[in-house]
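A structural walkthrough
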Amino acid sequence: MRQAGRSLPEYRALRQGVAMLDACMRADLIIEITLQPVRRYGVDAAILFSDIVLPLKALGFDLDIVPGVGPVIAEPITDSAAVAAIPTFDAARVDFVAEAVAGLVSELGSTPLIGFAGAPYTLASYLIEGGPSKEHAKTKALMHGAPDVWRALMERLAVISAEFLRVQVEAGAAAVQLFDSWAGGLSPHDYRTHVLPHSAAVFADIADLGVPRIHFGVATGELLADMSTAGVEVMGVDWRVPLDRAVDRVQPGQALQGNLDSTLVFAPWDVIESETLRVLEAGRLAPGHIFNLGHGVLPDTDPDVLARLVDFIHSQESPVEG
Ligand code: 1CP
């Protein structure tokens, strides 16, 4: 459950006085924060504590994660000179990630670790807008108004994302997820023309590593079919699309990951239970199903409810052996 740690008092205690990206750059804190929700909830996999903008920060971008806001970039990208100035990936700059992953893999034993990166489009949206945005107007203006600059930017970001995933897998991550969180704001035509080829390049680049690849975006019901052609084993689905519908949109043989509405954990337990059963039931139509919340854990979620939810899911018969 992504960002499950944020709901935990032990997470807030560790983060006291430590800025988000500083926490993401210290192997000891990465290890401890990644392990916290695994210890508390007994989930079947861990997700690395990091952020999608971390590799950009590590490569030298002047950016910060502002509490209550999100990633903020000091000098947003507007032209080809700024694209040319993007530093090339250097694994030595993220050695703390490799160190943390290696430490985690030995601590986690048989529990797999999921590594992740931001997809080129979602990273580009932060770099161009300068921070979080609802409309992504500047991003789309560059995409359509300066297609050569756009292509160059996306190609550079694709290499950074792929290389960052490679570092994590080579250090021991058992699967990877590419977050294209904001792709859902694009029309299918724009997605297919200006975005999909670059996400596909990320997945192709790491195909040789042989780990399951997960592709996820928010509000991407209309894009699921296209996203599923990017070269992945698993499609992440947010809570808006029932899994029994999603299964008809993705490639044959692909597993699904999803998709209880993250806000439902605030409902009475009998509602949580019946809605969880509906998700599990719909997921049985897919060749494989990884249960999770349709978009991460909200910070004020009650940890006891999450613990009960994990126990409940474990009490249900698994459709797939092993
Ligand atoms: O469980 C974990 O902690 C996993 C680590 C993780 C992941 C996978 C974090 C830590 N962030 C992310 C991914 C991420 N970061 C995404 C993809 C999310 C998705 O689609 O589900 C995005 C868009 C970001 C960028 C980001 N970082 C935002 C969103 C801002 C916006 O544009 O609306 C925010 C708020 C952050 C900060 C952040 N990242 C992670 C945490 C725990 C936090 C909160 C900061 C804190 O705890 O102080």
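Preceding this paragraph is the structure being described.
Let me begin by describing the structure that accompanies this report.

1. A look at the overall build of the protein
Across its full length, the protein holds 14 helices and nine strands. What you see for the protein is a C-alpha radius of gyration of 19 Å, in line with the 20 Å of a compact globule of 322 residues. Along the first, second and third principal axes, the C-alpha atoms of the protein reach 55 × 45 × 35 Å. When burial is assessed residue by residue, the protein has 53% of its 322 residues classed as buried. Sequence-distant contacts, at least 24 apart, represent 70% of the contacts inside the protein between residues at least 6 apart. Accessible surface computed for the protein: about 13,700 Å², of which carbon and sulfur atoms make up 52%. Each charge class in the protein can be summarised by its mean position, and for the 23 positive and 41 negative side chains these summaries are 4 Å apart.

2. Describing the nonpolar core
Looking at soluble globular proteins, one finds that nonpolar side chains tend to be buried together. Counting 110 residues, the largest nonpolar core has Val94, Trp150, Leu153, Leu256 and Leu309 as its most contacted members. Among the elements that line this core, the one with the most residues is helix α9 (residues 147-170), at 12 residues. Excluding anything up to four places from it in sequence, Val94 contacts Leu54, Ala58, Phe89, Phe164 and Val167.

3. Concerning the packing of helix α7 (residues 120-129) against helix α8 (residues 137-145)
Interaxial distance between α7 and α8 falls to 8 Å at its minimum, and their mutual angle equals 105 degrees. Of the possible angle classes, the one that applies to α7 and α8 is roughly perpendicular. Residue-level contacts link Tyr121, Ser125, Ile128 and Glu129 of α7 to Ala137, Lys138, Thr139, Lys140, Leu142 and Met143 of α8.

4. Details of the side chain of Thr220
Inspection of the secondary structure puts Thr220 in the loop between β6 (213-216) and α11 (224-227). You can call Thr220 buried: its relative accessible area is 2%. A polar contact of 3.1 Å, which involves the side chain of Thr220, links it to the backbone oxygen of Gly217. What Thr220 contacts, discounting residues up to four positions off in sequence, is Ala183, Gly184 and Met227.

5. Quick notes on the site of the ligand
In the neighbourhood of the ligand, 26 residues make up the surrounding shell, with Gln3, Tyr11, Asp51, Tyr126 and Ser181 lying closest. With respect to the ligand, the side chain of Tyr11 contributes an N or O atom lying 2.6 Å from an oxygen atom. The contact in question runs from an oxygen atom of the ligand to an N or O atom on the side chain of Ser181, over 2.4 Å. Secondary structure elements with two or more residues in the shell around the ligand: α1 (9-15) and β3 (70-73).

6. Some points on the pattern of salt bridges
Considering all chains together, one arrives at 12 salt bridges under this definition. Its salt-bridge partner being Arg151, residue Asp148 comes within 3.4 Å of it at the nearest N-O pair. Pair noted here: Asp148 and Arg151 are both in helix α9, with a separation of three residues, about one helical turn. A relative accessible area of 41% means that Arg151 is categorised as partly exposed. For Glu233, the salt bridge identified is with Arg213, shortest N-O distance 2.7 Å. Linking Glu233 in the loop between α11 and β7 (234-236) with Arg213 in strand β6, this pair joins segments that are 20 residues apart in sequence. For Glu233, a relative accessible area of 32% gives the class partly exposed. For Arg213, a relative accessible area of 12% puts it in the buried group. Connected through salt bridges with shared partners, the residues Arg166, Glu170, Asp205 and Asp208 form a single ionic network.

7. What about the pairing of strand β2 (residues 63-66)?
Burial along β2 is one-sided: the face carrying Leu63 and Ile65 is buried and the face carrying Asp64 and Val66 is not. Hairpin connection from β2 to β3: three residues lie between these consecutive antiparallel strands, with Gly68 at a positive phi of about 80 degrees.

Parameters at a glance
Residues numbered from 1 in each chain as written. Predicted model: local features only at pLDDT ≥ 70, side-chain atom pairs only at ≥ 80, totals over all residues. Heavy atoms only, no water. Helix = DSSP H or I, 4+ residues; strand = E, 2+ residues; numbered from the N terminus. Rg over C-alpha atoms; globule rule 2.2 N^0.38 Å. Buried < 20%, exposed > 50% of the residue type's maximum accessible area, 1.4 Å probe, protein only. Contact = heavy atoms within 4.5 Å. Areas by Shrake-Rupley, 256 points an atom, 1.4 Å probe, with all protein chains shown as cover. Lys, Arg positive; Asp, Glu negative; His and termini not counted. Charge placed at Lys NZ, Arg CZ, Asp CG, Glu CD. Core = buried A, V, L, I, M, F, W, Y, C linked by side-chain atoms within 4.5 Å. Axes fitted to C-alpha atoms, helices over the stretch in contact; angles between N-to-C directions. Parallel < 35°, antiparallel > 145°, perpendicular 65-115°, else oblique. Polar contact = N/O pair within 3.5 Å; in protein donor to acceptor, adjacent residues only side chain to side chain. Near = heavy atom within 4 Å. Salt bridge = Lys/Arg side-chain N within 4 Å of Asp/Glu carboxyl O. Pairing = 2+ DSSP bridges.

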